[in-house]
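Read off the chains here:
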Amino acid sequence: MALKFDTSFDPSYGRGVTVAPDVLRVTAPNPSPFTFHGTNSYIVGRKMLAVIDPGPDDDAHLKTLLEVIADRPVSHIFVSHTHRDHSPLAARLKQRTGAIVLAEGPHRPARPLRIGEVNPLDASADTAFNPDVALADDTVVKGDGWAVRTVLTPGHAANHAAFALEGTGVLFSADHVMAWATSIVAPPDGAMADYMISLDRLIERGDHLLLPGHGGPVTAPRSFMRGLKSHRKMRERAILERIRSGDRTIKDMVKAIYRDTDPRLHGAAGLSVLAHLEDLVARGQVSTDGDPAIDGIFTPVP
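Not measured: the values here are computed from a predicted model.

Student: Before we move on, can you summarise the environment of Ala282 with the specific residues and values?
Tutor: Considering the arrangement of structural elements, one finds Ala282 in helix H6 (residues 266-282). Along the primary structure Ala282 and Ala193 are separated by 89 residues, whereas in three dimensions their C-alpha atoms are 9.6 Å apart.

Student: Before we move on, can you summarise the side chain of Asn159 with the specific residues and values?
Tutor: Within the secondary structure, Asn159 sits in the loop between strand S9 (147-152) and strand S10 (161-165). Within the structure, Asn159 has its side chain in polar contact with the side chain of Thr82 (distance 2.9 Å). Ignoring any residue separated from it by four or fewer positions in sequence, one finds Asn159 in contact with Ser80, His81, Thr82, Glu104, Gly105, Pro106, His107 and Arg108.

Student: Lay out the nonpolar core with the relevant residues and their values.
Tutor: Counting residues in hydrophobic clusters, the biggest one holds 20 residues, and the most contacted among them are Val23, Val44, Phe78, Phe163, Leu165 and Phe172. For this core, the secondary structure elements donating two or more residues are strand S3 (40-44), strand S4 (49-52), S9, S10, strand S11 (170-174) and strand S12 (209-212). With 3 residues, the top contributor of residues to this core is S10. Beyond its immediate stretch of four places on either side in the chain, Phe172 contacts Val23, Tyr42, Val44, Ile52, Ala162, Phe163, Leu165 and Leu211.

Student: Can you explain the pairing of S12? Please cite residues and give values.
Tutor: Here S12 shows no split at all, with Leu209 and Leu211 on one side and Leu210 and Pro212 on the other all buried. Pairing between S11 and S12: 4 bridges, direction parallel. Along S12, the bridge assignment pairs Ala174 with Pro212. Handedness of the crossover joining S11 and S12 through helix H3 (residues 192-205) is recorded here as right-handed.

Student: Talk me through the sheet that holds strand S2 (residues 23-27); I want residue IDs and the actual numbers.
Tutor: In spatial order, the strands read S1-S2-S3-S4-S5-S6-S7; together these 7 strands make up an open sheet with mixed pairing. Each edge of the open sheet carries a strand with a single partner, namely strand S1 (17-20) and strand S7 (133-134). Bridge count for S3 against S4 is 3 bridges, and the pairing is antiparallel. Each bridged residue has a counterpart across the sheet, and for Ile43 the counterpart in S4 is Val51. Sheet contacts for helix H1 (residues 59-69): S2, S3, S4 and strand S5 (74-78); angle to S2, the most-contacted strand, approximately 160 degrees. Here helix H2 (residues 90-97) sits on the sheet and contacts S4, S5 and strand S6 (100-103); the angle it forms with S5, its principal contact strand, is near 170 degrees.

Student: Can you break down empty space enclosed by the protein residue by residue, with the values?
Tutor: The gaps left among the atoms become clear once a water-sized probe is rolled over them. In total, this model carries 1 cavity of 30 Å³ or more according to the counting rule given. Estimates place the volume of the largest cavity at around 40 Å³. Lining the largest cavity, in full, are Asn40, Tyr42, Ile52, Asp53, Ser80, Phe163, Phe172, Ala174, Leu211, Pro212 and Gly213. Where the lining of the largest cavity is concerned, the elements lending two or more residues are S3, S11 and S12. Residues of the lining of the largest cavity, tallied by class, amount to 7 nonpolar, 3 polar and 1 charged.

Student: Before we move on, can you summarise the sheet that holds S10 with the specific residues and values?
Tutor: On the basis of which strands lie adjacent, the open sheet formed by 5 strands has the order S8-S9-S10-S11-S12 and mixed pairing. Only two strands of the sheet have a single partner each, and these edge strands are strand S8 (140-142) and S12. Taking the axes of each pair of neighbouring strands and ignoring which way they run, one obtains an average angle of 25 degrees across the sheet.

Student: Break down the pairing of S3 for me, citing the residues and quoting the values.
Tutor: Within S3, 5 of the 5 residues are buried, which leaves the element mostly enclosed by the surrounding structure. By the alternation rule, side chains of S3 split into Asn40, Tyr42 and Val44 and Ser41 and Ile43, which are all buried. Relative to S3, S2 is paired through 5 bridges, and the arrangement is antiparallel. By the bridge assignment, Arg25 is partnered in S3 with Tyr42. Where S3 hands over to S4, the hairpin turn is made up of 4 residues, of which Gly45 adopts a positive phi near 115 degrees.

Student: I'd like a description of the pattern of salt bridges, backed by residues and values.
Tutor: According to the stated counting rule, one finds 18 salt bridges in the structure shown. Residue Glu67 is joined to Lys63 by a salt bridge in which the shortest nitrogen-to-oxygen separation is 2.6 Å. On the criterion of helical spacing, the pair formed by Glu67 and Lys63 is a turn pair, its members being 4 residues apart in helix H1. Looking at Glu67, the relative accessible area reads 44%, which means it is partly exposed. A salt bridge links Arg149 to Asp138, with the shortest nitrogen-to-oxygen separation between them at 3.3 Å. With Arg149 in strand S9 and Asp138 in the loop between S7 and S8, this residue pair connects regions lying 11 residues apart in the sequence. Overall, Asp138 belongs to the partly exposed group, its relative accessible area being 43%.

Thresholds applied
Residues numbered from 1 in each chain as written. Predicted model: local features only at pLDDT ≥ 70, side-chain atom pairs only at ≥ 80, totals over all residues. Heavy atoms only, no water. Helix = DSSP H or I, 4+ residues; strand = E, 2+ residues; numbered from the N terminus. Polar contact = N/O pair within 3.5 Å; in protein donor to acceptor, adjacent residues only side chain to side chain. Contact = heavy atoms within 4.5 Å. Core = buried A, V, L, I, M, F, W, Y, C linked by side-chain atoms within 4.5 Å. Buried < 20%, exposed > 50% of the residue type's maximum accessible area, 1.4 Å probe, protein only. Pairing = 2+ DSSP bridges. Right-handed = clockwise from strand over helix to strand, strands pointing away. Axes fitted to C-alpha atoms, helices over the stretch in contact; angles between N-to-C directions. 1 Å grid on protein atoms, 1.4 Å probe; cavity = no way out; pocket = protein on both sides within 12 Å on 5 of 7 lines; lining within 4 Å. Points joined across faces, edges and corners; volume = space filled by probe spheres on them. Nonpolar A, V, L, I, M, F, W, Y, C, P; charged D, E, K, R; others polar. Salt bridge = Lys/Arg side-chain N within 4 Å of Asp/Glu carboxyl O.

The following block contains the structure:
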């Protein structure tokens, strides 16, 4: 299934944008190759509000959120995962509003670090974050005129959660599904097998609108996510083809597979290839000495 990304997005910095009934989007001014135009925070409700993904610890973004909230009370702050572009502002927003902070849990990797392994993603992790309430899968939190269901979606991060706005068909998909690009799945923080299972779960849900952590909405979720799944399978086949044609290192695979990609993203691309290789080794389709590693040597299994 063809996968078409939508990069037509106006971040409208400094104001709230209505994206669904009783849902406003406020985009933080933290654009980058990884965050697109910035991190999307969402304000849900009319009188007593909830905030989903407060975003980075940025003074201008906090000011905009408080201006859009105006004099309305905030009861809940939901955090999808603990990357520094999503969770750090929760503490200051809680201090200003008195809301409780809810998330799956503190930051953690998808697997333990291996002997001698250094986590290249440490700088992106908000290790200081600790929610007031830990959310189990399928937990429903009710507010004033809204209810939010937790849908755990590990893959991009071990503690990644999507949030469904009950009775509306709207799902806040954070970094698991975005219209502008594929999600980064990078070990040890993320795991490709987890990502694919979570993707299937969202496909089965049948929501009609996804509001992601970066960029604009996904308006045809089921077909788009099927396209994402096909894209991941195609990437897996490309990696297997490179190995069968003689590539042995991730660096060589990235040069070939991501030759048209912004070079600034090649480091992340290497980690994405590693995520696929961890899954392929676990399934017995690729061989390597010891555990799969970013500097490992990979060979095909006959």
